[in-house]
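Residue-level listing of the chains:
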Amino acid sequence: MTGRYVWQLHEVDETRIAAVGGKGAHLGALTRVDGVRVPPGFCVTTDAFRLAVARTPALAGPLERLARADADDPAAIRAAAAEVRRAVERAALPGEVAAAVTAALAGLGADAAYAVRSSATAEDLPDASFAGQQDTYLNVVGTAEVLRHISRCWASLFTDRAVTYRRRHGIDDRSVEMAVVVQRMVVPDAAGVMFTADPVTGDRTVVSVEAGFGLGEALVSGLVNPDVFTVRDGAVAGRTIGAKARAVHAVPGGGTRETPVDPARQAQPALTDAQAVRLAALGRRIEAYFGCPQDVEWALTGDDVHILQSRPITTLFPVPAVAADGRFHVYLSVGHQQMMTDAMRPLGLSMWRLTAMAPMHEAGGRLFVDATPHLSTVSGRAAFLGMIGRADPLTRDALETVLARDVVPAAPDPDPAPAGPPAGGPPPPIETDPAIVTTLVERSRESLAALRRDVRGRSGPALFDFLVEAFTEHKRVLTDPVSAQVIMAGMQATWWLNDRLGEWLGERDAADTLTLSAPGNVTAEMGLALLDVADVVRAYPEVVAFLRDAADDGFLDELPKLPGGAQVRAAVEGYLDRYGMRCVGEIDITRPRWSERPATLVPLILDNVRTFAPGAAARRFAQGRERAEAKAREVLDRLRALPDGERRAAETQAVIDRVRTFAGYREYPKYDIVSRYAVYKQALMAEADRLARAGVLADPEDAYYLTFDEFREVAATGRVDAGLIRRRREEFRSHQALTPPRVLTSDGEALNGSYRRDDVPPGALAGLAVSAGVVEGRARVVADLAGADLEPGDILVTAHTDPSWTPLFVGAAGLVTEVGGLMTHGAVIAREYGLPAVVAVPDATRLIPDGGRIRVHGTDGYVELLS
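About the criteria used
Residues numbered from 1 in each chain as written. Predicted model: local features only at pLDDT ≥ 70, side-chain atom pairs only at ≥ 80, totals over all residues. Heavy atoms only, no water. Helix = DSSP H or I, 4+ residues; strand = E, 2+ residues; numbered from the N terminus. Buried < 20%, exposed > 50% of the residue type's maximum accessible area, 1.4 Å probe, protein only. Contact = heavy atoms within 4.5 Å. Pairing = 2+ DSSP bridges. Axes fitted to C-alpha atoms, helices over the stretch in contact; angles between N-to-C directions. Core = buried A, V, L, I, M, F, W, Y, C linked by side-chain atoms within 4.5 Å. Salt bridge = Lys/Arg side-chain N within 4 Å of Asp/Glu carboxyl O. Parallel < 35°, antiparallel > 145°, perpendicular 65-115°, else oblique. Nonpolar A, V, L, I, M, F, W, Y, C, P; charged D, E, K, R; others polar. Left-handed = near helix turned anticlockwise from the far one by under 90°. Lys, Arg positive; Asp, Glu negative; His and termini not counted. Polar contact = N/O pair within 3.5 Å; in protein donor to acceptor, adjacent residues only side chain to side chain. Phe/Tyr/Trp six-rings, centres within 6.5 Å; stacked < 30°, edge-to-face > 60°. Lys NZ or Arg CZ within 6 Å of the ring centre and 35° of its normal.

**Focus on the overall build of the protein chain**
Summing up its helical and strand segments, the protein chain has 31 helices and 26 strands in all. Overall size of the protein chain, expressed as C-alpha extent along the three principal axes, is 100 × 70 × 60 Å. Looking at the protein chain as a whole, 52% of its 867 residues qualify as buried. Contacts in the protein chain between residues at least 24 apart in sequence constitute 70% of all its contacts with a sequence separation of at least 6.

**Brief notes about the sheet that holds strand S4 (residues 136-141)**
Pairing is antiparallel across the open sheet formed by five strands, whose spatial order is S1-S2-S5-S3-S4. For this open sheet the edge positions go to strand S1 (6-8) and S4, each flanked by a neighbour on one side alone. Neighbour-to-neighbour, the strand axes of the sheet open up by a mean angle of 25 degrees, direction not taken into account. Pairing of strand S2 (residues 41-44) with strand S5 (residues 178-184), which is carried by four bridges, proceeds in the antiparallel orientation. Counted as the bridge partner of Val44 is Val180 from S5.

**What about the nonpolar core?**
Grouped together as the largest cluster of nonpolar side chains are 72 residues, with contacts concentrated most on Val537, Leu547, Tyr575 and Leu796. A per-element tally of this core places helix H19 (residues 522-538) first, with ten residues. Setting aside chain neighbours within four positions, we find Leu547 in contact with Val537, Phe555, Leu559, Val602 and Leu606. Grouped together as the second largest cluster of nonpolar side chains are 60 residues, Trp352, Ala470, Val714 and Val743 included.

**Details of the environment of Gly457**
If you trace the backbone, Gly457 turns up in the loop between helix H15 (434-455) and helix H16 (460-478). Judged by its relative accessible area of 83%, Gly457 falls in the exposed class. Sequence separation of Gly457 and Ala683 is 226 residues, and the distance between their C-alpha atoms is 9.0 Å.

**A short note on the environment of Thr56**
As for its placement among the helices and strands, Thr56 is situated in the loop between helix H2 (46-54) and helix H3 (60-68). Of the residues examined, Thr56 reaches a relative accessible area of 10% and is grouped as buried. Taking the C-alpha atoms as reference points, Thr56 and Val88, separated by 32 residues in sequence, lie 7.7 Å from one another. If we skip the residues at most four places from it in the chain, Thr56 touches Ala87 and Ala91.

**Some details on the pattern of salt bridges**
Going through the model one piece at a time under the given rule, you end up with 57 salt bridges. Residue Arg647 pairs with Glu651 through a salt bridge whose shortest N-O separation is 3.1 Å. In this pair, Arg647 and Glu651 are both assigned in helix H25 (residues 645-662), four residues apart and thus about one turn of the helix distant. The class for Glu651 is partly exposed, based on a relative accessible area of 32%. For Arg778, the salt bridge is made with Asp794, and the minimal N-O distance between the two is 2.7 Å. Of the two residues, Arg778 is situated in strand S21 (residues 774-781) and Asp794 in the loop between S21 and strand S22 (795-798); the sequence distance between them amounts to 16 residues. Residue classification places Asp794 among the buried residues on the basis of a relative accessible area of 3%. It is possible to trace a salt-bridge network through shared partners that takes in Arg117, Asp295, Glu297 and Arg311.

**Describing the packing of H16 against helix H26 (residues 668-693)**
Packing of H16 against H26 leaves a shortest axis separation of 12 Å and a crossing angle of 175 degrees. Put simply, H16 runs roughly antiparallel to H26. Residues Gly460, Leu463, Phe464, Leu467, Ala470, Phe471, Glu473, His474, Val477 and Leu478 of H16 form the contact with H26, whose own contacting residues are Pro669, Asp672, Ile673, Arg676, Tyr677, Tyr680, Ala683, Leu684, Glu687 and Arg690. For the contact of H16 with H26, the residue count by class is 13 nonpolar, two polar and five charged.

**Re the sheet that holds strand S23 (residues 814-817)**
The mixed open sheet is built from eight strands, whose spatial order is S19-S26-S25-S21-S22-S23-S24-S20. With partners counted over all chains shown, the strands left at the sheet margins are strand S19 (765-766) and strand S20 (768-771), one partner each. Taken together, the four bridges between S22 and S23 define a ladder with parallel strand orientation. The residue bridging Ile795 from the neighbouring strand is Gly814, located in S23. Sheet contacts for helix H30 (residues 825-833): S20, S23 and strand S24 (837-839); angle to S20, the most-contacted strand, approximately 45 degrees.

**Some words on the packing of H16 against helix H27 (residues 708-717)**
The contact between H16 and H27 brings their axes to 7 Å, and the two run at 155 degrees. Looking at the two axes, H16 sits roughly antiparallel to H27. For the crossing formed where H16 meets H27, the hand is left-handed. In contact with Gly460, Pro461, Phe464, Asp465, Leu467, Val468 and Phe471 of H16, H27 contributes Phe708, Phe711, Arg712, Ala715 and Ala716. Among the residues forming the contact of H16 with H27, the class breakdown is nine nonpolar, one polar and two charged.

**What to know about the side chain of Asp198**
Looking at the secondary structure, you find Asp198 in the loop between strand S6 (190-195) and strand S7 (206-213). One buried charged residue, Asp198, remains without a salt bridge, the closest side chain of opposite sign being Arg232 at 6.7 Å. Among the polar contacts listed, one links the side chain of Asp198 to the backbone nitrogen of Val200, at a separation of 2.8 Å. In contact with Asp198, not counting residues within four places along its chain, are Asp203, Val206 and Leu316.

**Focus on the packing of aromatic side chains**
For the coordinates displayed, the defined rule picks out 16 aromatic pairs. Where Trp496 meets Trp504, the ring centres are 5.8 Å apart and the plane angle is 85 degrees; that geometry is what we call edge-to-face. Of the two residues, Trp496 and Trp504, neither departs from the other in class, the shared state being buried. Cluster of aromatic residues (ring-pair linked, three or more members): Trp352, Phe464, Phe471, Tyr677, Tyr680, Phe708 and Phe711. The positively charged end of Arg4 is found above the aromatic ring belonging to Trp7, 3.7 Å away from the centroid.

**Considerations on the pairing of S22**
Where burial is concerned, the two faces of S22 agree: the one with Ile795 and Val797 and the one with Leu796 and Thr798 are both buried. Two elements, S21 and S22, share three bridges in a ladder whose sense is parallel. Note that in S22 the partner of Ala779 across the bridge is Ile795.

**Observations regarding the side chain of Asn498**
Among the structural elements, Asn498 can be located in helix H17 (residues 481-505). In this structure Asn498 comes out as buried when scored by relative accessible area, which is 19%. A distance of 3.0 Å separates a polar side-chain atom of Asn498 from the backbone nitrogen of Ala511. The contacts of Asn498, once residues within four sequence positions are left out, are Glu507, Asp509, Ala510 and Ala511.

Spelled out as structure tokens, the structure:
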């Protein structure tokens, strides 16, 4: 094996990552940034690493055992990784490598002190920094010691933390290689790190400089609390002097030593304000060079600044890329409104944007809407905050935090229009007539049937031209003014009942009971319909036994071979005919639908077989209706006993009729959307299959990593950029690791809001009350619908739910989610099923232990942890 084993730092840049690793490539690039001083040094290349591996036969077995180690077995990973490290450290450096390193050291000063630093090829990347995952050795003196520490750096590629980090990011241990950076040692008066964006809030207008005495190792190891300087607009905007009782210093002859700091110096800042500002200016230059916020390591000797490393800050949520108008913008997360905050692939993002009612902006694989126009006038701001606060108090709090800084000035309301007759006037109030809902649903079905009929047989550019026209019809159906009136009438009737009955009778959330089993709720019906499927399955024990072992989506074809299997297959297919377009994360067209993965439903069906008695669906619906009717009689009787009671009772009866007429329709527009999405997806994936058969796409699902317009271009030209698809896959993986905020500013600040309440017991978790009642039970923290295993009385705790989770609601006693609002689907169905529910509970899945007992206060909006 031949290759170049040493590169000087000034010879490399980001194009040499494969040879010198992420750290080496970034250091080389830093040497090209004006005004940046990098300690001289060189890189021992991955060619040298490969040669060492090839010359060490004892590594083959341990590497294979590490590759086979179960990711869920930490002990096996530790043992295999330790075996690999021992084999690497025991092997002598190949002679060619030792000679190249010795020659490079001679050019810098063989007897000088050096920092020997690991530089892996999967390191300091935009989506995974790997900071601290491999080892660095400081103040290494003498050629022999440098050579020995190069081997130790190679071995650190297989530390437990490095292996675990790679597994988490989907990187194969055998695919990464190690280079080593050797630099002249800087012995500083002060050292530290700086972030060119606030590492906590994400604010890109701030540079945060952290400093301590001596080597930066004291900060990295957590030995001291550093001084922190906040620099904004070229000036120090804030400083905190840390407790710097210890420092790390280089020892003559090699190595480092931890020493106490003179008490008289501990309270002194490690930097002057001028030095902090100078560092921040260098940070901005480095950020501009690399094109993204940076985490920079620095050292100060006298007044000379040395830059020791710079890497992307991978934990920051990206900022939407919009037209640079120089104005401050405030964005709201679409995912928090849709109860689906997961990252989406490009095709999913672009399809939602093309069919949405409002302009949306992409960041971090999620969509955001610009709320700035709604906040630009006094009355508009008040109305918008009122609407947001009713839906999600956390989002309102986050918005108020931003607005309190006067960064979004609200202009006075425009002068009212001249007096005179209105041009049109408000639409007449909608009548309480069930036929209105029936007509809306029938129109929707007719439009959907036309879509299914007209898309047949279309392919290539003609398909995409047709879909663009179909999106217009999609929006027309969704913006039907009567549909909006019906939804608003149901919501207003709910608010009226809660407000008036609270005022007149002291009733809290009476509408939650009065709307039980309201007719026409297609999502609630979906959960009950799966109980009916379970009734069919339950009658055939051999089918039940078969389904317990059914692991793939071909189970439907096997069912007719069993007694009763034909009947079960017909029941499942009937369910899929009506609800097969649904799935977890259904707003993302790239997610597999139940019709594509019917095995997803099998665990839910079996849970229903085990948990419920025959006829549960009809019985539950009837019980809900009876409870609603009993509640209506109760409140009406109590109202009649009040002064002016007959009038109040008559008015309330009319509103009860109104809410039961219209409340169920609230779920239908979403059902219509995902029904159309299923048609779009079927047509698009047929086109992707055609392109894959023609050799244009390597795999049909490559289309998921193209936007709609890019997919259209590929279909027209028969050419695709394979590199683009590869990069998009990598971006999607990095986006999955991010957590989107409720509110995001154009400065990059991420805000999630907080509850400002004094009515929550100590230790309880505050949230938003969305479905009345109190329930106590075992918490089941569920991350994946397919892995849910609820017993009767269990309380479902999860990050977020969309309509696809409804079948799980029928077996739950209560609901807790991290995301949600009063009118999101989880809240609507929880009320429909009578489940006490609290949503928008920050970090619920982390703070509530799986299997622990909790008490959910669905009326007051908090969760008590009992054990």
